[in-house]
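Survey of secondary and tertiary structure
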Amino acid sequence: MPRVIAIANQKGGVGKTTTAVNLSACLGTIGKRVLLIDMDAQANCTSGLGHEKTPNASLYPVLLGERKLENQIVKTEFEGISLIPSEFDLCAAEVELARLSFETAGTKSRKKSDRHLTWLKDALAPVTKSNDYDVILIDCPPSLGKLTLSVLIAADGILIPLQCEYYPLEGISSITDLMDQLKTSGVNKGLELIGVLMTMFDSRTNLSRLVVGEVREHFGDKVFRTVIPRATRVAEAPSHGKPILHYDPYSAGSASYEVAALELVKRLGLD
Ligand SMILES: Nc1ncnc2c1ncn2[C@@H]1O[C@H](COP(=O)(O)OP(=O)(O)O)[C@@H](O)[C@H]1O
Ligand SMILES: [Mg+2]
């Protein structure tokens, strides 16, 4: 059964999408079969893999019950990566989820009344039951709204990217508290923190080192040993529609994501 990993942090600009795209590429080239799901209406994963935004190609029609999730999967030109793209219509998902939770509030049938929480888990079930993928990575939007909540309910694990910047831990308790709540309430007992990945490390400053130290003190072994450097090439790659591994394979940024992918494989027991 594939592992379902949410790449989440309610802050924007911390490297969620960059991590989702680049880990997928690195996992793909070492022979892992990856399904990458773009859950952000910004669709940066989609464009970062060179895909056009296409009407009805996202998970929105799946949320509406009009399409099956497995029919929204497309192949990418990159080894080992399949994609469920995003596009602007996902903006409406939060509203639809709010409407669903309101509409089903008085419903007696548990299955029906939980649909606004479990729609993604249910829609993913045929894929998670199949043996088509080793890992399913889900790039979350920068909020802890209902869309992210449905991802955390569908996931086995969370990977949190943290930027090597001031106050990296600020607000982090919102997501770890939410995780604990999902576990203790039994909504998602198995949810596990897979790791914290430090991104945009700037070796020229003391700040980056201080920040990594502080985060290691807080999260201990949960922090990936690999740290992703701040690198212009990593930031450029999406405008060419390519992961860094394909855009500039011999760069430091590419090497760091390759090592992080190997670490992820170990953490997930996929080696
Ligand atoms: N390692 C890195 N080096 C340089 N720029 C980076 C790096 N990681 C991310 N960026 C850039 O930082 C910005 C935010 O990253 P992104 O992955 O989109 O964050 P999020 O998905 O959390 O909002 C983007 O412009 C991205 O290109
Ligand atoms: Mg993003």
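Residues numbered from 1 in each chain as written. Chains lettered and ligands numbered in written order. Predicted model: local features only at pLDDT ≥ 70, side-chain atom pairs only at ≥ 80, totals over all residues. Heavy atoms only, no water.

**Overview of helix 6 (residues 115-129)**
- The end-to-end C-alpha distance of helix 6 is 20 Å, a good match for the 21 Å that 15 residues give at a rise of 1.5 Å each.
- The sharpest bend along helix 6 measures roughly 30° and falls at Ala123, with the proline Pro126 sitting one to four residues further on.
- Within helix 6 the residues assigned to the buried category are His116, Thr118, Trp119, Leu120, Ala123, Leu124, Ala125, Val127 and Thr128. (Helix = DSSP H or I, 4+ residues; strand = E, 2+ residues; numbered from the N terminus. Expected span 1.5 Å × (residues − 1). Bend = angle between axes of the 7 residues up to and from the residue. Buried < 20%, exposed > 50% of the residue type's maximum accessible area, 1.4 Å probe, protein only.)

**So, the sheet that holds strand 4 (residues 81-84)**
- Strand order in the open sheet formed by 8 strands is 3-4-2-5-1-6-7-8, with mixed pairing between adjacent strands. This sheet does not close on itself; its edge strands, each paired only once, are strand 3 (74-75) and strand 8 (223-229).
- The pairing of strand 2 (residues 34-38) with strand 4 spans 4 bridges and is classified as parallel. Considered in strand 4, the bridge of Ile37 is made with Ile84.
- Here helix 1 (residues 16-29) sits on the sheet in contact with strand 1 (3-7), strand 2, strand 4, strand 5 (135-139), strand 6 (157-163) and strand 7 (192-201), set at roughly 160° to strand 5. (Pairing = 2+ DSSP bridges. Contact = heavy atoms within 4.5 Å. Axes fitted to C-alpha atoms, helices over the stretch in contact; angles between N-to-C directions.)

**Observations concerning the pairing of strand 8**
- In this sheet, strand 8 lies alongside strand 7 in parallel orientation, the contact comprising 3 bridges. Looking across to strand 8, one finds that Met198 is bridged to Val227.

**What about the nonpolar core?**
- Core analysis: the largest hydrophobic core is formed by 52 residues, its most contacted members being Met39, Leu120 and Leu124.
- Those residues in contact with Leu124, other than ones at most four positions away along the chain, are Val4, Ile37, Leu69, Ile136, Ile138 and Ala154.
- Within the second largest apolar cluster, 33 residues are counted, among which are Ala25, Cys45, Ile244 and Tyr257. (Core = buried A, V, L, I, M, F, W, Y, C linked by side-chain atoms within 4.5 Å.)

**A word on the site of ligand 1**
- Neighbouring residues of ligand 1: 14 residues in total, closest Gly13, Thr17, Thr18, Pro229 and Ala231.
- Taking Val14, its main chain carries an N or O atom lying 3.1 Å from an oxygen atom of ligand 1.
- The separation between an oxygen atom of ligand 1 and a polar side-chain atom of Thr18 is 2.5 Å.
- Expressed as a share of its isolated accessible area of 560 Å², the protein-covered part of ligand 1 is 78%.
- Among the secondary structure elements, those contributing two or more residues to the shell around ligand 1 are helix 1, strand 8 and helix 10 (232-236).
- If one sorts the elements of the shell around ligand 1 by residue count, helix 1 sits on top with 3 residues.
- Grouping the amino acids of the shell around ligand 1 by side-chain chemistry returns 7 nonpolar, 5 polar and 2 charged. (Near = heavy atom within 4 Å. Polar contact = N/O pair within 3.5 Å; in protein donor to acceptor, adjacent residues only side chain to side chain. Areas by Shrake-Rupley, 256 points an atom, 1.4 Å probe, with all protein chains shown as cover. Nonpolar A, V, L, I, M, F, W, Y, C, P; charged D, E, K, R; others polar.)

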